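Fold and contact review
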Amino acid sequence: MATTFRNHIGGEWLGPSTRRYFENRNPADTGDLIGRFPDSGAVDIDRAARAATKAFERWRLVPAPARGDLLRRLGDLLSANKEALASGMSREMGKVLAETRGDVQEGIDTAYYAASEGRRLFGRTVPSELRAKWAMSWRRPIGVAGLVTPFNFPLAIPTWKMFPALVCGNTVVLKPSEDVPHTAHRLVELALEAGFPPGVVNLVHGRGATAGRALVEHPGATVISFTGSVATGSIVGEACGRLHKRCSLELGGKNAMIVLDDADLELALEGLVWGAFGTTGQRCTATSRLLLHRRVHDRFLARLRDRVQRLRIGDGRGPRTEMGPLIHEAARDKVERYVAIGRAEGAQLVTGGRRPRGRQWSSGWFYEPTVFSGVAPDSRLATEEIFGPVLSVIPVGSLEEAIRINNAVPYGLSSSIYTRDVRSAFRALEALDNGITYVNAPTIGAEAHLPFGGVKHTGNGRREGGWTVYEFYSEVKVGYVDYSGALQRAQIDNYQ
Ligand code: NAD
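A brief report on the enclosed structure follows.

What follows covers the pattern of salt bridges. For the structure shown, the criterion picks out 30 salt bridges. A salt bridge links R354 to E368; the nearest nitrogen and oxygen atoms lie 3.3 Å apart. Remark: E368 occurs in the loop between β14 (348–351) and β15 (370–373) and R354 occurs in the loop between β14 and β15; sequence separation between them is 14 residues. One salt bridge in this structure joins E384 and R380, with 2.9 Å as the shortest N-O distance. Among the residues examined, E384 registers a relative accessible area of 24% and is labelled partly exposed. A relative accessible area of 39% means that R380 is categorised as partly exposed.

Taken together, 3 strands build an open sheet; the order of strands is β5-β6-β19 and the sheet is antiparallel. The open sheet has two edge strands with one neighbour each: β5 (124–127) and β19 (474–482). Put simply, the sheet's adjacent strands are angled 20° from each other on average, direction ignored. Judged from the 4 bridges that link them, β5 and strand β6 (residues 133–141) form a sheet pairing that is antiparallel. Residue T125 lies in a different strand from β6, and its bridge partner there is M136.

Let us now look at the sheet that holds β14. Taking strand neighbours across the sheet as the criterion, the 7 strands line up as β14-β15-β16-β13-β12-β17-β18 in an open arrangement whose pairing is mixed. Two strands close off the open sheet at either side, each with one partner strand: β14 and β18 (436–439). With strand direction ignored, the average angle separating the axes of adjacent strands in the sheet is 25°. Relative to β18, strand β17 (residues 414–418) runs parallel, the two being bridged by 4 bridges. By the bridge assignment for β18, S415 is matched with T437. Helix α10 (residues 297–309) rests against β13 (287–293), β14, β15 and β16 (390–396) of the sheet, and its axis sits at about 55° to β14.

About the thresholds
Residues numbered from 1 in each chain as written. Predicted model: local features only at pLDDT ≥ 70, side-chain atom pairs only at ≥ 80, totals over all residues. Heavy atoms only, no water. Salt bridge = Lys/Arg side-chain N within 4 Å of Asp/Glu carboxyl O. Helix = DSSP H or I, 4+ residues; strand = E, 2+ residues; numbered from the N terminus. Buried < 20%, exposed > 50% of the residue type's maximum accessible area, 1.4 Å probe, protein only. Pairing = 2+ DSSP bridges. Axes fitted to C-alpha atoms, helices over the stretch in contact; angles between N-to-C directions. Contact = heavy atoms within 4.5 Å.

Purely geometric numbers; function is a separate question.
Below, the structure is given as structure tokens:
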């Protein structure tokens, strides 16, 4: 009998007002039922937002270093539970253990960073233009943060949002992806163990169009942080604009790796396989385009095909598995649709392009790692996010051509270049229109203490991670103290 899970609202574990539940199954073995989770509605969101609003009045008064201490304790608990969290995450989401351990580690790093930020949250003291007058700024919490997260980083992404929001003095309502609710459940259990007071951390499970939408539109959730697809991000951004909410959108990508003719090809090959097929291509930063210099094209492609054909597919928890399944049937259907589109557009299938054969694959959402060559830079295959293990190889004749092709898509998350020439490396850093560029490393691999996000349709100018996210979760307040004992008029008395 599968466990039935509940929401966490105002310090209590509660069933959904709808009395409906959805199933959470292992994508590598759909016969493995992980649990039943609340299919919550607007009433549950309303309860959670009210509980968070009530808790905010006390939480905002807790000194930031003390809020940070709770995050440090939570970081310790994540650390102590790392292996179990990683294994549960592989079961629920499908990616391999090395990656789910990395996902937990990112949460740990984010916890310790946020804990230390509790002793900074810098304001500024600046000279006033008038005598005997003090001028300063500091940060204030905003209120209730509504957090809506995707499936591909079940722990890391909720922590990127939740921890900075909490240390800044906000309370939170988390609506995690319905594809990975169990990891979010464990995160909230550990937050409670760390000692967060009732109502500060609330969890409401449910689907996007119901619970997600209700959270985004709830008047009590004044800050909304969303990570997911561009299509959903547009709906969320529109609602936030209409409702005057502060909003952060972290959306999709179509990331390119450039391999020039002077590159270390072995290094580039290892980076490419990791960037394109890690997380089964389901990373916002996954390498989905390879811009390959014509002079090394055929040599490199032959080695790439051999390497990709040797990738071991399987259950993410298997010790030898290099690539797990897709998250669900719809994700695999989408990959199959794009493979058909690629063929119709005239791209050449180098390897993959089908489900793996054999009975052992029939109970999961597996798909072979797939490479197309001769892909037209403006084709659908090369410009639309597939979010699966499909790589498009595009031949280029120069760095400048690669830069043009890289920049000609609506997305702008990450990019990478392999070269031994320092001039090419810096030219790429300057000219590639992305939020992140890697030199001699794949398009994936962001670190928690640096800002993360992209340009163009990948977002709305906000960044997660690093120091910048603390600005998103706080309001700047300015104070002036005039101790001259006289009326002093700014812009006037010193400038007569
Ligand atoms: P998704 O957009 O389908 O869902 C994301 C979340 O939004 C889920 O919790 C879902 O329930 C919720 N949702 C759906 N409809 C909603 C609505 N109308 N109102 C409010 N919430 C709603 O995305 P996904 O399939 O879970 O994740 C994959 C996408 O996320 C990819 O496009 C990927 O590039 C992107 N992503 C971006 C980043 C980044 O930082 N830029 C990181 C990870 C993933």
